[in-house]
Amino acid sequence: MENNKKQQEIKEGRMPHLWEALLSLAILIGVLAVGIIVYKVAPHVPMFVGACAAALMALRLGYKWERIEKMMMDGIYKALQSVIILIIIGILVGIWVDAGVVPAMIYYGLKIIHPSIFLVAALIICSITSLATGTSWGTVGTMGIALMGISLGLGINPAATAGACLSGAYFGDKMSPLSDTTNLAPAMAGTDVMTHVKFMILPTAVAYGLSIIFFGALGFHYYQGGGADLSSVAEISNALKDSFTINPFLLIPPIVVIVCVALKMPAIPGIAIGAFVGGVMGALFGNSNLGTILDCGMNGFVSETGLESVDKLLSTGGLMNMMNSVSMTLIAMMFGGIMEDTKQLQVIVNKLKPLANTPAKLVILTEVTCFASNATMPEQYISIVVPGRMYAEQYHNMGLHPKTLSNALEGAGTVSGAMIPWNTCGVYMSTTLKMGVGQYLPYLFFNYTMPIVVAIMALAGLTCADMEGNRLNAKQANSKEVTWPTKPIDGTVRI
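Because the structure is a prediction, the values reported are computed rather than measured. (Residues numbered from 1 in each chain as written. Predicted model: local features only at pLDDT ≥ 70, side-chain atom pairs only at ≥ 80, totals over all residues. Heavy atoms only, no water.)

(A) Quick peek at the overall build of the protein. Counting its regular elements, the protein contains 25 helices and zero strands. At 23 Å, the protein has a C-alpha radius of gyration in line with the 23 Å of a compact globule built from 495 residues. Each principal axis of the C-alpha distribution contributes one length, and for the protein these read about 75 × 50 × 45 Å. A buried classification covers 58% of the 495 residues belonging to the protein. (Helix = DSSP H or I, 4+ residues; strand = E, 2+ residues; numbered from the N terminus. Rg over C-alpha atoms; globule rule 2.2 N^0.38 Å. Buried < 20%, exposed > 50% of the residue type's maximum accessible area, 1.4 Å probe, protein only.)

Shown next as structure tokens:
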């Protein structure tokens, strides 16, 4: 009886035609474009409409509703680890701000500013802020605005300042375990966030190092030795010092998280330990008590420094404030689960396979698809979700570790949105900095260097890894034959 039921499920549904798969994708793109660009709404409901369109197509293909529902549940199940991590991160951020950990990181970051190295300082300050908060938008809306004002007093091209700020903001957005995209990419690929972050270190460090050189040389060119009005920096620093207890010991929690990563501790306990240590440090050296720690872990921290830019940045965190990202992940995986199990993604990928018959070419094609997604479905999340589910099986079939895919998704999807004027990221950044995308684009060095570095390293095998997690060599990365381990040695990789 059980075997008959399984056979019936296998026979249920037919292989979709290419036009049917493209129609599901076109509906998603159209609804997202209208919702985000025309009506300026969040992508959640348009994404849900796309999931409904995929479900209707599944019905057309002959699948019963019970099976379609299971597809959605299976898709959500693949992202549950990331959902748990997002929840814990929300708790951690709320506690860290209340404890003074995040304010201390920002405060000490501002201390490194000096006119002669202004652009490099802007890059690093925004990097620290974005790493501490996990948000490129919040970083640009606060530190970015302050630094833009300072650049005027230095006689530095404001477009170059915008490029430095955005480069730093997206570096943190890409690398911070607190960032939505840093958690979403491994969820789509089928790995965990810490494995993902560690694999990104090499290519990101190269792109970031080149960015420091670029902005250092550019800053030396612009700096003319004159005085600078650093009142904005002083204002932010004083607001932080007046409202929080700034103590070097409050830098211990992020150091603990870094150590946990280095010791290969799983993401969930590693981040949870960071939250607990932050609470303890806040109680010992900050102004926290058990009541505020529990409340901020749940509802987030509400900043009342009296300085609008600081209050905007630090009113964040909490489990409830993370529900926006959690719900987006769940809805996206409903769509991905249907598209994947009905083979709608497979028929599209099959047409693209001739273009990606080696690991290196597959990584490059993934990056191109991420950029195209940011241009056609103008939302950063979607540029990670759709390509991630499109190519996950292809990476698996080629014997590549899921972190290869997640790195490619972040290497192009996370950073390319700010390059596109009609993308939500481009719209926000240009509006916030009061500067057109075309003006700051030549100076958006980290963002357009990152995908290039990932692609070049893919050709060398450095951003391609086998199922055991080992990087490939150049010959393997450019080979059409699988000559490396294709099964994970510990069984922990999820596809």
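(B) Just the packing of helix α9 (residues 158-175) against helix α24 (residues 445-459), in detail. Running from N to C, α9 and α24 cross one another at 50°; their axes reach a closest spacing of 7 Å. With respect to their mutual orientation, α9 and α24 come out oblique. Across the interface between the two elements, Leu 166, Ser 167, Tyr 170, Phe 171 and Lys 174 from α9 touch Phe 445, Phe 446, Asn 447 and Met 450 from α24. Looking at the contact of α9 with α24, its residues break down into six nonpolar, two polar and one charged. (Axes fitted to C-alpha atoms, helices over the stretch in contact; angles between N-to-C directions. Parallel < 35°, antiparallel > 145°, perpendicular 65-115°, else oblique. Contact = heavy atoms within 4.5 Å. Nonpolar A, V, L, I, M, F, W, Y, C, P; charged D, E, K, R; others polar.)

(C) Representation of the pattern of salt bridges. Evaluated as defined, the whole model comprises four salt bridges. With its nearest N and O atoms 3.0 Å apart, the salt bridge here joins Asp 74 to Lys 70. Of the two residues, Asp 74 and Lys 70 are both situated in helix α4 (residues 65-78); the distance of four residues between them amounts to about one turn of the helix. Looking at Lys 70, the relative accessible area reads 46%, which means it is partly exposed. Arg 389 is the partner of Glu 340 in a salt bridge, and the nearest nitrogen-oxygen pair spans 2.7 Å. Residue Glu 340 is located in helix α17 (residues 323-341), and its partner Arg 389 is located in helix α20 (residues 380-397); the two are separated by 49 residues in the primary sequence. Pair check on accessibility: Glu 340 and Arg 389 agree, each one buried. (Salt bridge = Lys/Arg side-chain N within 4 Å of Asp/Glu carboxyl O.)

(D) Region of interest: the environment of Leu 202. Tracing the backbone shows Leu 202 in helix α11 (residues 193-222). We classify Leu 202 as partly exposed; its relative accessible area is 33%. When sequence neighbours within four positions are dropped, the list of residues in contact with Leu 202 reads Met 457, Leu 462 and Arg 471.

(E) A look at the side chain of Asn 183. Mapped onto the elements, Asn 183 comes out in helix α10 (residues 180-189). A distance of 2.9 Å separates a polar atom in the side chain of Asn 183 from the backbone oxygen of Pro 177. (Polar contact = N/O pair within 3.5 Å; in protein donor to acceptor, adjacent residues only side chain to side chain.)

(F) Structural view of the packing of α9 against helix α22 (residues 424-433). Packing of α9 against α22 brings their axes to within 12 Å, and their N-to-C directions diverge by 135°. By the criterion of interaxial angle, the relationship of α9 to α22 is oblique. The two elements α9 and α22 cross, and the hand of that crossing is right-handed. Across the interface between the two elements, Ala 162, Leu 166 and Tyr 170 from α9 touch Cys 425, Met 429 and Leu 433 from α22. When grouped by side-chain class, the residues that make up the contact of α9 with α22 number six nonpolar, no polar and no charged. (Left-handed = near helix turned anticlockwise from the far one by under 90°.)

(G) Summary view of the nonpolar core. In this structure, Leu 314, Phe 335 and Tyr 440 are the most contacted members of the largest nonpolar core, which totals 153 residues. The element that contributes the greatest number of residues to this core is helix α5 (residues 80-99), accounting for 11 residues. Once residues within four sequence positions are removed from consideration, Phe 335 is found in contact with Leu 25, Leu 28, Met 47, Gly 50, Ala 51, Ala 54 and Val 386. (Core = buried A, V, L, I, M, F, W, Y, C linked by side-chain atoms within 4.5 Å.)

(H) How the structure looks around the side chain of Asp 173. Within the element layout of this structure, Asp 173 appears in helix α9. Buried and without a salt bridge, Asp 173 has Lys 174 as its closest oppositely charged side chain, separated by 10 Å. One polar contact links Asp 173 to Ser 136, side chain to side chain, over a distance of 2.9 Å. (Lys, Arg positive; Asp, Glu negative; His and termini not counted.)

(I) Main features of the state of the cysteines. Across all of its chains, the model carries zero disulfides by this definition. Of the cysteine sulfurs around Cys 165, a residue in no disulfide, the closest is that of Cys 126, at 3.9 Å. With a relative accessible area of 0%, Cys 165 lands in the buried category. Of the cysteine sulfurs around Cys 464, a residue in no disulfide, the closest is that of Cys 370, at 14 Å. (Disulfide = S-S within 2.5 Å.)

(J) Expanded view of unusual backbone geometry. Of note in this structure, Lys 40 is not a glycine but carries a positive phi near 55°. By the secondary structure assignment, Lys 40 is in the loop between α2 (18-38) and α3 (44-60). For Lys 40, a relative accessible area of 65% gives the class exposed. Even without being a glycine, Lys 343 presents a positive backbone phi close to 70°. By the secondary structure assignment, Lys 343 is in the loop between α17 and α18 (344-352). Taking the relative accessible area as the measure of exposure, Lys 343 reaches 31% and is therefore partly exposed.

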